[in-house]
Amino acid sequence: MSIFDAYDSEFTSLSQDISRNISDFKANMANSEKCSTINRHVDALLLQAGDLLKQMEVEVRSHNSATRKVLSEKVNQYKRVLSSLRTDFGKAKEEAERNNLFAGTKSGEDRQRLLNTNEKLSRQNDTILAAQRTVAETEDVAMDITNELGRNREKIESSREKVREFTGMTDTARRLINSMSRREVQQKMIMGFIAAVLVAAICIVIWFTSIKK
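Undergrad: Can you walk me through helix α1 (residues 3-27) in this structure?
TA: Within an α-helix, residues lying three or four positions from one another point in the same direction, as the helix has 3.6 residues per turn. With 25 residues, α1 should reach 36 Å at 1.5 Å per residue; the first-to-last C-alpha distance of 36 Å fits that figure. If you check which residues of α1 are buried, you get Phe 4, Asp 8, Phe 11, Leu 14, Ser 15, Asp 17, Ile 18, Asn 21, Ile 22 and Phe 25.

Next up, the structure:
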């Protein structure tokens, strides 16, 4: 099993555990003490799942471009799952707070004031959830950019390798041309020497011939 597969299995188990605890939280809203315990446990599990997704993103970068694309899509899917769990748990906590507040109030004025406060908290929570979604989307964009940079880096490395190969071929051709040039010069020198010897020999023959006459 690869490192990513281990992370995958761990996240699946975590998400199931979070979902199960959220269901327990909803079923025990009347028990504030138990809800408080479950609340702390779910918060810890959500934090653990978020850290695990970050580790998965780091692991994805160690794979080749084809595998990286497949694994990135899976990580993005898990981000959406985690965001959905956070939203579901946030709504459950709002409902529990509303029930507990109304259970302890008697006057209509107090209830209205608490309702207004709860609505403000709800809007603030919606803002936080929207910010979390924006962060998740930003992380997705950042991951896509990182993947694109990785692909570009591979193309650049490939181009550099081709340039090095071409440079090696150019150096070989240059050495071959230089070698041919030296041979040509040597051949010209030899031909010149032979021509000089022949001219000298002809001159000697002519000189001996003129002496005999």
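Undergrad: Quick question: what am I supposed to make of the pattern of salt bridges here?
TA: Side-chain pairs of opposite charge can arise where the charged atoms are in close proximity. Throughout the structure, instances matching the rule amount to 6 salt bridges. Here Arg 20 makes a salt bridge to Asp 17, at a shortest N to O gap of 3.1 Å. Here Arg 20 and its partner Asp 17 are both found in helix α1, 3 residues apart, which amounts to about one turn of the helix. Its salt-bridge partner being Lys 93, residue Asp 43 comes within 4.0 Å of it at the nearest N-O pair. Residue Asp 43 is found in helix α2 (residues 32-60), and its partner Lys 93 is found in helix α3 (residues 65-103); the two are separated by 50 residues along the sequence. A relative accessible area of 26% places Lys 93 in the partly exposed class.

Undergrad: Explain the nonpolar core here, please?
TA: Nonpolar side chains in soluble globular proteins generally cluster together in the buried interior. Formed by 25 residues in total, the largest nonpolar core has its most connected members in Phe 11, Ile 18, Phe 25, Val 42, Leu 46 and Met 56. Among the secondary structure elements, those contributing two or more residues to this core are α1, α2 and α3. Here this core takes 10 residues from α2, the largest share from any one element. In contact with Ile 18, not counting residues within four places along its chain, are Val 42, Leu 45, Leu 46, Ala 49 and Leu 85.

Undergrad: Sorry if this is basic, but what is going on with the confidence of the model for the chain here?
TA: Residues shown with low pLDDT carry predicted positions that ought not to be read at fine detail. Within the chain, residue pLDDT values average 81, and 86% of them lie at 70 or more. When the elements of the chain are averaged for pLDDT, helix α4 (residues 108-212) gives the smallest value, 75, and α1 the largest, 91. Every residue in residues 104-108 scores below 50 in pLDDT, and together they form 4 contacts with partners more than four places removed in sequence or on other chains.

Undergrad: Just to check I follow, could you spell out α2 for this structure?
TA: Look at α2: 42 Å from first C-alpha to last across 29 residues, which is about the 42 Å you get at 1.5 Å a residue. With a side-chain oxygen positioned 3.3 Å from the backbone nitrogen of Glu 33, the residue opening α2 is Asn 31.

Undergrad: Got a minute to help me understand the packing of α1 against α2 in this structure?
TA: A pair of packed helices is characterised by two quantities: the angle between their axes and the separation of those axes. For the pair α1 and α2, interaxial distance at closest approach is 9 Å and the crossing angle is 160°. As summarised for this structure, α1 and α2 are arranged roughly antiparallel, according to the angle between their axes. At the point where α1 passes α2, the crossing takes the left-handed sense. Partitioned by chemical class, the residues of the contact of α1 with α2 number 18 nonpolar, 5 polar and 5 charged.

The rules behind the values
- Residues numbered from 1 in each chain as written.
- Predicted model: local features only at pLDDT ≥ 70, side-chain atom pairs only at ≥ 80, totals over all residues.
- Heavy atoms only, no water.
- Helix = DSSP H or I, 4+ residues; strand = E, 2+ residues; numbered from the N terminus.
- Expected span 1.5 Å × (residues − 1).
- Buried < 20%, exposed > 50% of the residue type's maximum accessible area, 1.4 Å probe, protein only.
- Salt bridge = Lys/Arg side-chain N within 4 Å of Asp/Glu carboxyl O.
- Core = buried A, V, L, I, M, F, W, Y, C linked by side-chain atoms within 4.5 Å.
- Contact = heavy atoms within 4.5 Å.
- pLDDT = per-residue confidence, 0-100.
- Polar contact = N/O pair within 3.5 Å; in protein donor to acceptor, adjacent residues only side chain to side chain.
- Axes fitted to C-alpha atoms, helices over the stretch in contact; angles between N-to-C directions.
- Parallel < 35°, antiparallel > 145°, perpendicular 65-115°, else oblique.
- Left-handed = near helix turned anticlockwise from the far one by under 90°.
- Nonpolar A, V, L, I, M, F, W, Y, C, P; charged D, E, K, R; others polar.

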